[in-house]
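Per-entry structural report
Single-letter residue listing:
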Amino acid sequence: MKVILAVLVLIASVSSFAQMTVFSNQDALKLVMTDDSILEAVYAQSGTNNLMGLSVLNSDFNAFEVEINTNIEDKDCRTSVLVEAELVHARIPGGGQITANKLVAKKIFKSICEGT
C-alpha cells in the first residue's frame, strides 16, 4: 500500500503532457510548399524553379512521400521528399514538459529528369 501511495504522489508531482497529432496528406503538402529550404534544394537538383505540381505518393502513419514535379525546356523532373513526424520536447513556465510531434523533411531524393 505504501508503494502505491508513493507512486501516486510521484505521478501527481511530475508535470508532463503529451500532445500527439495525426497528420494528413494536406499537412505534408503544406510543409513542402511553405519550407523554402526544401523547394530550394529541389530546384537546385532539377536545375529549374518551374513548379508543375505536387502529389503524395505513399503515406503511412505520420510518414509521407511527397513528389514534386518541375520542368525545364523539354525535360520533366520528379523529386521525392520523405516527410515524417518527429517528437518535440519543450519546457513550460511551470517547470513541466510538453511532448508533441511535428512534421519535418527527413530526406530529399535525387531528381529524375526525362525528356518529353
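Here we come to helix 2 (residues 25-34). Listing the buried residues of helix 2 in full gives Ala28, Leu31 and Val32. Here the buried residues of helix 2 occupy an arc of 95 degrees about the axis, which is enough to place them on one side. Facing away from the buried side of helix 2, by more than 90 degrees, are the exposed residues Gln26, Lys30 and Thr34. Next to the buried residues of helix 2 lie helix 3 (36-46), strand 2 (51-60), strand 3 (63-72), strand 4 (75-91) and strand 5 (97-108).

Between two packed helices, the angle of one axis relative to the other and the distance separating the axes together describe the packing. Packing of helix 2 against helix 3 leaves a shortest axis separation of 5 Å and a crossing angle of 75 degrees. Here helix 2 is positioned roughly perpendicular relative to helix 3, judged by the angle of their axes. Contact residues: helix 2 offers Leu31, Val32, Met33 and Thr34, while helix 3 offers Asp36, Ile38 and Leu39.

Calculation criteria
- Throughout, a residue's number is its position along its own chain's written sequence, starting from 1.
- The model is predicted, so local features are restricted to residues of pLDDT at least 70 and side-chain atom pairs to those at 80 or more, both for listing and for counting; the totals for chains, interfaces and linings are taken over all residues.
- Side-chain calculation: all heavy atoms of the structure are included, whereas hydrogens and water are not.
- Burial classification: accessible surface area is computed with a 1.4 Å probe over protein chains only, and a residue below 20% of its type maximum counts as buried, one above 50% as exposed, and the rest as partly exposed.
- Strands here mean DSSP runs of E at least two residues long; helices mean DSSP runs of H or I at least four residues long; both are numbered from the N terminus.
- What the arc describes is the spread of directions from the helix axis to the C-beta atoms.
- Working rule for contacts: check all heavy atoms of both residues, and any pair within 4.5 Å makes them a contact.
- Helix axes are fitted to C-alpha atoms over the stretch in contact, other axes to C-alpha atoms as well, and angles between N-to-C directions run from 0 to 180 degrees.
- Angle categories: roughly parallel below 35 degrees, roughly antiparallel above 145, roughly perpendicular from 65 to 115, and oblique for all the rest.

Function-wise, these values are silent; they only describe arrangement.
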